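Each chain, letter by letter, is given below.
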Amino acid sequence: MSGAGPAVAVTACLAAVGLLGGCGGQSDPLAKRAERGHDLIVTNGCGSCHRIGGVERANGDVGPSLTEFQSKPQIAGRLPNNPDEVVRWLLNPQAIDPPTLMPNLGLTPEQARDIANYLYTQ
Ligand code: HEC
């Protein structure tokens, strides 16, 4: 009755609540969403500005590295790092930090959720 297994599962499940509104049960499993998020990261060129684990050629240095994203206490130095705030940031960075160099990429809320899901796997 020891080991980190169950605790890790609970943490992942809490993250899932923020992203999906539930644990399991919803239409798409987390892995599927993360896979879509990976593809959206590629097609939106996030890697030209960010280093992102598991994404080929994502080696930009304009913005902070997004590798080991889940261990960051804050996003953009202003928001607590949790799934809802990441989605908020992705949908409209200027609303949070007007002079930021991060462009508004015109993502839909669904796409932003998929991307956030992927980032938490890295
Ligand atoms: C033109 C360059 C550029 C592009 C393209 C870009 N970003 Fe950013 N991003 C930035 C910069 C610069 C920051 C730092 C913003 C700040 O702190 O004000 C940032 C911040 C972030 C943060 C917060 C990171 C942290 O540690 O605070 C996330 C998450 C993020 N970007 C994700 C993405 C994703 C996902 C994409 C693609 C959909 C993307 N970015 C595309 C430049 C970019």
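Rules and cut-offs
- Residues numbered from 1 in each chain as written.
- Predicted model: local features only at pLDDT ≥ 70, side-chain atom pairs only at ≥ 80, totals over all residues.
- Heavy atoms only, no water.
- Near = heavy atom within 4 Å.
- Polar contact = N/O pair within 3.5 Å; in protein donor to acceptor, adjacent residues only side chain to side chain.
- Axes fitted to C-alpha atoms, helices over the stretch in contact; angles between N-to-C directions.
- Helix = DSSP H or I, 4+ residues; strand = E, 2+ residues; numbered from the N terminus.
- Parallel < 35°, antiparallel > 145°, perpendicular 65-115°, else oblique.
- Left-handed = near helix turned anticlockwise from the far one by under 90°.
- Contact = heavy atoms within 4.5 Å.
- Nonpolar A, V, L, I, M, F, W, Y, C, P; charged D, E, K, R; others polar.
- Salt bridge = Lys/Arg side-chain N within 4 Å of Asp/Glu carboxyl O.
- Buried < 20%, exposed > 50% of the residue type's maximum accessible area, 1.4 Å probe, protein only.
- pLDDT = per-residue confidence, 0-100.

### Some points on the site of the ligand
- For the ligand, the set of nearby residues contains 22 residues, the closest of which are C46, C49, H50, D97 and M102.
- H50 is positioned with one of its side-chain polar atoms (N or O) 2.8 Å from a nitrogen atom of the ligand.
- Contact between the ligand and W89: a nitrogen atom at 3.5 Å from a side-chain N or O atom of the residue.

### Some points on the packing of helix α3 (residues 83-91) against helix α5 (residues 109-119)
- Contact geometry for α3 and α5: axes closest at 9 Å, N-to-C directions at 125°. Looking at the two axes, α3 sits oblique to α5. As α3 packs across α5, the resulting crossing turns out to be right-handed. In this structure, α3 contributes V86, V87, L90 and L91 to the contact, and α5 contributes P109, A112, R113, I115, A116 and L119.
- In terms of residue class, the contact of α3 with α5 is built from nine nonpolar, no polar and one charged.

### Observations concerning the packing of helix α2 (residues 30-43) against α5
- Two elements in contact, α2 and α5, have axes separated by 7 Å at closest approach and are oriented at 100°. As summarised for this structure, α2 and α5 are arranged roughly perpendicular, according to the angle between their axes. Here L30, R33, A34, R36, G37, H38, L40 and I41 of α2 come into contact with α5, specifically with E110, Q111, R113, D114, I115, N117, Y118 and L119.
- Of the residues contributing to the contact of α2 with α5, the split by class is seven nonpolar, four polar and five charged.

### Brief notes about the pattern of salt bridges
- This structure, assessed with the given rule, holds eight salt bridges.
- With its nearest N and O atoms 3.6 Å apart, the salt bridge here joins R57 to E56. Of the two residues examined, R57 and E56, each falls in the exposed class.
- One salt bridge in this structure joins R88 and E85, with 2.8 Å as the shortest N-O distance. In this pair, R88 and E85 are both assigned in helix α3, three residues apart and thus about one turn of the helix distant.
- On the accessibility criterion, R88 (43% relative accessible area) is partly exposed.
- Residue classification places E85 among the buried residues on the basis of a relative accessible area of 17%.

### Looking at the confidence of the model for the chain
- Taken residue by residue, the chain gives an average pLDDT of 85. The fraction at 70 or more is 78%.
- Here residues 1-11 is a poorly scored stretch, pLDDT under 50, and it has zero contacts once near neighbours within four places are set aside; other chains count.
- Here residues 20-25 scores under 50 on pLDDT; set against residues more than four positions off or in separate chains, the count is 11 contacts.

### Some words on the side chain of N81
- Within the secondary structure, N81 is located in the loop between β2 (79-80) and α3.
- N81 sits in the buried class, given a relative accessible area of 16%.
- Only 2.9 Å separates the side chain of N81 from the backbone oxygen of K72, close enough to count as a polar contact.
- If sequence neighbours within four positions are ignored, N81 has contacts with F69, Q70, K72, P73, Q74, I75, V86 and Y120.

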